[in-house]
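# Survey of secondary and tertiary structure
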Amino acid sequence: MNAPAVTRTATELLNDKLILEKPLSDTSGQRRKRGLVLNPSAAHCLGLLIGPTEIEGCIVDCAYRTVVRKQLEGAFDAMKPRQVVQAAVSFVNRLRAQAPGDNKRCLGLAAVAPGLTDIAGRRCLACSTMPHLVGVQLADMLEKNLNLPVFLTTGSQAHLRAVERLDINAPANNMLFVFYSQGIGASLKMQGAYIRGKDNLAGEIGHMPVTDEPIPCGCGGTGCLEALASKAALARLARQAVREFAGSSLAALSEIKGDDVLKAAADGDRLGVRLTRDAFAHLARAVAGIAVCMAPDHIVFSHSISAAGDEMFQWLCAEIRSRLSGQLRDGLSISVSTINSHISSMGAAFMGLDLAM
Ligand SMILES: [Zn+2]
């Protein structure tokens, strides 16, 4: 591009307010220098997560700042695919209506679908929580209804981007992110590359076999980490054990959830501590096994694990470290993410911005 063309293009971008003029600190010479910077408010990208019981979404501006976030609860797992898409479309339209006044230019929508995602095929590949979405061309349907470019990604990939931006504050070289919830999943980045594996299956650590006990798992297998150590597993085990621990705070609850068990552990409840330690011991063994394979600089757990309290988390860290060689332990940081909501939709929007810019 020659000099007049650069000037013409810059003028057009300035007129469109996509870039701004900014005084530079270097003021030597006769003329005050001015630089051109991207206008963070010039445009935005939308992030969306469609889950079985919630839809979450956010608006992220060109400076990667989350300016709006929203959440909608509902029985989306009981709806037909068309109804799920309709719910998502009206949710996104309500989200867009909240875009700041000077930031109405939407670059597109990056969406995370439940279960396994065929990114190139723009559809859901397998999903135990919303099986009727399997094979549905979700991205195409959203694109048609929203009249926006739509990009489909996986929760695992979105989580890595969010953690890098908001927790590590820099691109990580070697990072393991563990998403601890009703299920357990992981995201891996090695030597600067985001690892997806065959069919985006890398990181499905919830289905790592950790015992020969025939404990059934939602995947159809038995003895999986998720069946022993997830929040869903903690709730199930607590319901079974509570009769023998009448003094436990958990015995007073009409319905026990995984978070109740973690909180009981944080409060020093004997049953809560016992169940959480058993679960974390399995988790530590699995995470240490992956750490041995990939040699991470960072291991980050999702914010939800902090419900167990700092003492229990430090116990988990010590269990992981005790299984690693000195060289692997040196300089390894193990932490809890500060992102307490919208991690999937924010990460997806960050990916969308990366693609657009
Ligand atoms: Zn499984």
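These remarks concern the structure in this document. (Residues numbered from 1 in each chain as written. Predicted model: local features only at pLDDT ≥ 70, side-chain atom pairs only at ≥ 80, totals over all residues. Heavy atoms only, no water.)

## Describing the packing of aromatic side chains
Our working definition: Centres within 6.5 Å make a pair out of two Phe, Tyr or Trp rings, where for Trp the six-membered ring is used; the pair is then stacked when the planes are under 30 degrees apart, edge-to-face when over 60, and tilted otherwise. Secondary structure elements follow DSSP: runs of H or I of four or more residues count as helices, runs of E of two or more count as strands, with numbering from the N terminus. Each residue is assigned to one of three classes by its accessible area relative to the maximum for its type, calculated with a 1.4 Å probe on protein chains only: buried under 20%, partly exposed between the two thresholds, exposed over 50%.
Going through the model one piece at a time under the given rule, you end up with three aromatic pairs. Considering the side-chain rings of tyrosine 180 and phenylalanine 280, the 6.1 Å spacing of their centres and the 85° angle between planes classify their relative orientation as edge-to-face. Here tyrosine 180, found in strand 10 (residues 175-180), pairs with phenylalanine 280, found in helix 8 (residues 270-294); they are 100 residues apart in sequence, far enough to count as distant. Overall, the relative accessible area of 0% leaves phenylalanine 280 in the buried class. The interplanar angle of 85° and the centroid separation of 5.7 Å between the aromatic rings of phenylalanine 301 and phenylalanine 313 together place this pair among those described as edge-to-face. A residue pair is termed long-range when its members are at least 10 positions apart, and phenylalanine 301 in strand 13 (residues 298-301) and phenylalanine 313 in helix 9 (residues 309-322) qualify at twelve residues.

## Things to note about the coordination of the zinc ion
Put simply, the rule is: Any nitrogen, oxygen or sulfur atom within 2.8 Å of a metal ion counts as a donor, with the limit raised to 3.2 Å for Na, K and Ca, and since water is left out, coordination shells can look unfinished. Any coordination sphere not matching a tetrahedral pattern (four donors, all angles between 85 and 135 degrees) or a square planar or octahedral pattern (four or six donors, opposite donors over 155 degrees apart, other angles between 65 and 115) is reported as irregular.
The zinc ion binds to the protein through His207 (ND1), Cys217 (SG), Cys219 (SG) and Cys224 (SG); the donor distances cover 2.1 to 2.4 Å. Coordination at the zinc ion comes from four donor atoms whose angles at the metal span 101 to 126°, giving a geometry best classed as tetrahedral. On the primary sequence, the residues serving as donors to the zinc ion are separated as H-x9-C-x1-C-x4-C. With histidine 207 in the loop between strand 12 (193-195) and helix 5 (225-229) and cysteine 219 in the loop between strand 12 and helix 5, this pair connects stretches of sequence that are twelve residues apart. Residue class for histidine 207 comes out partly exposed when judged on its relative accessible area of 27%. For cysteine 219, a relative accessible area of 45% translates into the label partly exposed.

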